[in-house]
Amino acid sequence: MVLDRSVVVDFHSLQQMTWLTLVDKDVVSVDAEVYIKSQPVCYEQVADVIEAVRAGGVPVRARIDVSRLWISRVNILGVVDIIWDLHEETRGEKLIRTIEFVGASTRIRCIWRAIQHILPSFIASITTVL
């Protein structure tokens, strides 16, 4: 096995990046650039934000600005995995009211529809604005 030493990743600093932010009592925002730099993402990276949403007691609107996003930089299976993890960690709770993709290209809209078909019905109950 040959290791590529040209890429050095500090996993501790990646864990400190916050790609999900509670902007208002009923709005969370996903920073797409930080999300990409944090891949592979995990629930622990955003557990504190999820706790804040729970404490707020109001389902939130999730806003994701994808207007400058190159979808080829996104690990699509990782997206499915983190959505599933969020579901498992919040089972039975209605924490997300809507997901809004700001500036979604046709490609991103098609990929999101495919992801919706991969995931169980829990994602169907969330309104998506593309």
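Residues numbered from 1 in each chain as written. Predicted model: local features only at pLDDT ≥ 70, side-chain atom pairs only at ≥ 80, totals over all residues. Heavy atoms only, no water.

*Asks:* What should I look at first to understand the overall build of the chain in this one?
*Replies:* Each helix and strand counted, the chain has five helices and five strands in total. When the 130 residues of the chain are sorted by exposure, 36% land in the buried category. Sequence-distant contacts, at least 24 apart, represent 77% of the contacts inside the chain between residues at least 6 apart. Accessible surface, the chain as shown: approximately 8,200 Å² in total, 57% of it carbon and sulfur. (Helix = DSSP H or I, 4+ residues; strand = E, 2+ residues; numbered from the N terminus. Buried < 20%, exposed > 50% of the residue type's maximum accessible area, 1.4 Å probe, protein only. Contact = heavy atoms within 4.5 Å. Areas by Shrake-Rupley, 256 points an atom, 1.4 Å probe, with all protein chains shown as cover.)

*Asks:* What's the story with the sheet that holds strand β4 (residues 96-102) in this structure? I'm lost.
*Replies:* Sheets are built from strands paired through backbone hydrogen bonds, the pairs being either parallel or antiparallel. Strand order across the open sheet formed by five strands is β1-β2-β3-β4-β5, with mixed pairing between neighbours. Each end of this open sheet is capped by a strand with a single partner; those strands are β1 (20-24) and β5 (127-129). The sheet shows a mean angle of 25 degrees between the axes of neighbouring strands, direction not considered. Of the strand pairs in this sheet, β1 and strand β2 (residues 27-30) are connected by four bridges, and their pairing is antiparallel. Paired with L20 across the strands is V30, a residue of β2. The strands touched by helix α3 (residues 47-56) are β1, β2 and β3 (60-65); relative to β1, the strand with the most contacts, the crossing angle is about 30 degrees. (Pairing = 2+ DSSP bridges. Axes fitted to C-alpha atoms, helices over the stretch in contact; angles between N-to-C directions.)

*Asks:* What's the story with the environment of E33 in this structure? I'm lost.
*Replies:* Mapped onto the secondary structure, E33 falls in helix α2 (residues 32-38). In this structure the side chain of E33 is engaged in a polar contact, spanning 3.0 Å, whose partner is the side chain of R73. (Polar contact = N/O pair within 3.5 Å; in protein donor to acceptor, adjacent residues only side chain to side chain.)

*Asks:* Can you help me understand helix α5 (residues 106-118) in this one?
*Replies:* Residues separated by three or four positions in an α-helix point in the same direction, a consequence of the helix having 3.6 residues per turn. With 13 residues, α5 should reach 18 Å at 1.5 Å per residue; the first-to-last C-alpha distance of 19 Å fits that figure. At its buried positions, α5 is contacted by α4 (76-89), β4 and β5. (Expected span 1.5 Å × (residues − 1).)

*Asks:* Please explain unusual backbone geometry as it appears in this structure.
*Replies:* A negative phi angle is the norm for most residues apart from glycine, just as the trans form is the norm for most peptide bonds. Of the consecutive residues Q39 and P40, the connecting peptide bond is found in the cis state with omega at -5 degrees. Along the chain, P40 turns up in the loop between α2 and α3.

*Asks:* For this particular structure, what's the right way to read the pattern of salt bridges?
*Replies:* Pairing is possible between side chains of opposite charge, provided their charged atoms come close. Scanning the entire structure with this criterion turns up seven salt bridges. E51 serves as the salt-bridge partner of R54, at 2.3 Å between the closest nitrogen and oxygen. Here R54 pairs with E51, and both are found in helix α3, just three residues apart, close to one helical turn. Here R91 and E88 are joined by a salt bridge, their closest N and O atoms 2.5 Å apart. For E88, a relative accessible area of 39% puts it in the partly exposed group. The network of salt bridges with common partners includes D26, R61 and R97. (Salt bridge = Lys/Arg side-chain N within 4 Å of Asp/Glu carboxyl O.)

*Asks:* Before we go on, may I ask you to explain the packing of aromatic side chains in this structure?
*Replies:* In this description, a pair of aromatic rings is defined by centroid distance and the angle of the planes. Under the counting rule described, the total for this entry stands at two aromatic pairs. Ring geometry for W19 against Y35: centres 5.1 Å apart, planes inclined by 90 degrees, an arrangement best described as edge-to-face. One end of the pair, W19, is in the loop between α1 (11-16) and β1; the other, Y35, is in helix α2, and 16 residues separate them in sequence. Of the residues examined, Y35 reaches a relative accessible area of 9% and is grouped as buried. On the numbers, 5.0 Å between centres and 55 degrees between planes, the contact of F101 with W112 is tilted. (Phe/Tyr/Trp six-rings, centres within 6.5 Å; stacked < 30°, edge-to-face > 60°.)

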